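Now for the letters of each chain:
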Amino acid sequence: MSEMIAALKEEHASMRDLLDLIEREAKRPEGPDYGLLHEIMAYCRTYPDQFHHPKEDLIYRAICRHDPRVTPAIDDLEAEHEELAIASREFAELVEQGLASGARPPAFTEMALAFVAQYRGHIEKEDREFFPSAVEILSPEEWQELGDQISHPGDPLFYQTAGDRLQALLSRKFDQAG
Ligand SMILES: [Fe+2]
Ligand SMILES: [Fe+2]
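Definitions and limits used
Just so you know, the residues in each chain are numbered from 1, in the order the chain's sequence is written. Think of it this way: whatever chain is written first is A, whatever ligand is written first is 1, and the rest follow in order. Where local features are concerned, this predicted model is filtered to residues with pLDDT of at least 70; where side-chain atom pairs are given and counted, the filter is 80 or more; whole-chain, interface and lining totals use all residues. We count a stretch as a helix when DSSP gives it H or I for four or more residues in a row; a strand needs E for two or more, and each element gets its number in order from the N terminus. Counting other C-beta atoms within 10 Å of its own, a residue is labelled buried from 20 upward, exposed at 12 or fewer, and partly exposed in the gap between, with every C-beta atom placed from the backbone. Residues are scored as being in contact if the C-beta atoms we place from backbone atoms lie within 7 Å. Axis lines are fitted through C-alpha atoms, for helices just across the contact stretch, and the angle between N-to-C directions can take any value from 0 to 180 degrees. Roughly parallel covers angles under 35 degrees, roughly antiparallel covers those over 145, roughly perpendicular covers 65 to 115, and oblique covers all other angles. When residues are grouped by polarity, Ala, Val, Leu, Ile, Met, Phe, Trp, Tyr, Cys and Pro land in nonpolar, Asp, Glu, Lys and Arg in charged, and all others, Gly among them, in polar. The arc refers to the directions leading from the helix axis to the C-beta atoms. Here, a nonpolar core means buried Ala, Val, Leu, Ile, Met, Phe, Trp, Tyr and Cys residues linked by C-beta atoms lying within 7 Å of one another. Two helices that cross are described as forming a left-handed crossing if the nearer one is turned anticlockwise from the farther one by less than a right angle, and a right-handed crossing if clockwise.

### A look at the overall build of the protein chain
Here is step 1 of the chain: A count of helices and strands for the protein chain gives eight helices and zero strands.
Here is step 2 of the chain: Taken from N to C terminus, the helices and strands of the protein chain fall in the order α-α-α-α-α-α-α-α.
Here is step 3 of the chain: The burial tally for the protein chain puts 23% of its 178 residues in the buried class.
Here is step 4 of the chain: Long-range contacts, defined as pairs at least 24 residues apart, comprise 79% of the intrachain contacts of the protein chain with a sequence gap of at least 6.

Structure below.
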């Protein structure tokens, strides 16, 4: 398997944990920890939106170039990424309302659970259809080309910071369990 796919799968695993955290907070009877949700959404709007999804878009375009016949099976991944970016922004705005007022905004729980479901569905589809197709279809040369394109996607310090932030967020999953 491509190292790139392995890294994307690891990022999916982390994202699933963050989605579990959002769901848990949304269902908390005494109200969510808006500060934690604020941190999670700030992360979602930086690393996944600006790095994870663009990496997938590059792979997706490579598959489309390789064999346009397979793309309907994977659906329009880039459009889904745009929808997720919009959903992330909208849910983040709702979290900001909660953070500012200290009160649960109208329809907050429903919006949170819909956001989690949309994201989980996207990740599951990629794991089930997109990644296996990419592994099957792309040649070693094409993976090499992709690797060259995304080997320097941004400031390495940002990567480090994103990694630290993610670990800090995920550690809350266990600190606050129950
Ligand atoms: Fe994606
Ligand atoms: Fe993904």
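From this point on, the discussion continues.
### A look at unusual backbone geometry
Here is step 1 of the chain: At Ala107, a position not held by glycine, the phi torsion is positive, near 65 degrees.
Here is step 2 of the chain: Tracing the backbone shows Ala107 in the loop between α5 (77–101) and α6 (108–137).

### Some remarks on the environment of Asp75
Here is step 1 of the chain: Among the structural elements, Asp75 can be located in the loop between α4 (71–74) and α5.
Here is step 2 of the chain: Given 13 C-beta atoms within 10 Å, Asp75 falls into the partly exposed group.
Here is step 3 of the chain: Taking C-alpha positions, Asp75 is 9.1 Å from Phe130, a pair spaced 55 residues apart along the chain.

### A few points about the packing of helix α3 (residues 47–66) against α5
Here is step 1 of the chain: Where α3 contacts α5, the two axes come as close as 9 Å, and the packing angle between them is 170 degrees. One way to sum up the angle between α3 and α5 is to call them roughly antiparallel. Residues Asp49, His53, Glu56, Asp57 and Tyr60 of α3 form the contact with α5, whose participating residues are Leu77, Glu78, His81, Ala85 and Ser88.
Here is step 2 of the chain: Its residues assigned to classes, the contact of α3 with α5 shows three nonpolar, three polar and four charged.

### Topic: helix α2 (residues 34–44)
Here is step 1 of the chain: All of the buried residues in α2 are Tyr34, Leu37, Ile40, Met41 and Cys44. Projected onto a plane normal to the axis of α2, the buried residues spread over an arc of 120 degrees and lie on a single side.

### So, the nonpolar core
Here is step 1 of the chain: Core analysis: the biggest nonpolar cluster contains 20 residues, and Ile22, Ile40 and Ala112 have the highest contact counts within it.
Here is step 2 of the chain: If we ignore the near neighbours within four places in the chain, the residues touching Ala112 are Ile22, Ala26 and Phe91.
Here is step 3 of the chain: Core analysis: the second largest hydrophobic core is formed by 11 residues, Ile5, Ile59, Tyr60 and Ile63 among them.

### Thoughts on the environment of Arg104
Here is step 1 of the chain: Turning to its location among the elements, Arg104 is positioned in the loop between α5 and α6.
Here is step 2 of the chain: A sequence separation of 73 residues divides Arg104 from Gly31, and the C-alpha atoms of the two residues are 6.9 Å apart.
Here is step 3 of the chain: Those residues within four positions of Arg104 in sequence are excluded, and the remaining contacts are Gly31 and Gly98.

### Describing the packing of α5 against α6
Helix packing for two helices is described by the angle between their axes and how far apart those axes are.
Here is step 1 of the chain: Two numbers describe how α5 lies on α6: the axes approach to 10 Å, and their chain directions differ by 155 degrees. Relative to α6, the element α5 is oriented roughly antiparallel. Where α5 crosses over α6, the handedness of that crossing is left-handed. Residues Leu77, Glu80, Leu84, Ala87, Phe91, Leu94 and Gly98 of α5 pack against Phe108, Met111, Ala112, Phe115, Gln118, Tyr119, His122 and Phe130 of α6.
Here is step 2 of the chain: Of the residues belonging to the contact of α5 with α6, the class tally is 11 nonpolar, three polar and one charged.

### Details of the environment of Glu145
Here is step 1 of the chain: Relative to the helices and strands, Glu145 resides in helix α7 (residues 140–150).
Here is step 2 of the chain: Among the residues examined, Glu145 registers 13 C-beta atoms within 10 Å and is labelled partly exposed.
Here is step 3 of the chain: Separated by 83 residues in the primary sequence, Glu145 and Ala62 have C-alpha atoms spaced 9.6 Å apart.

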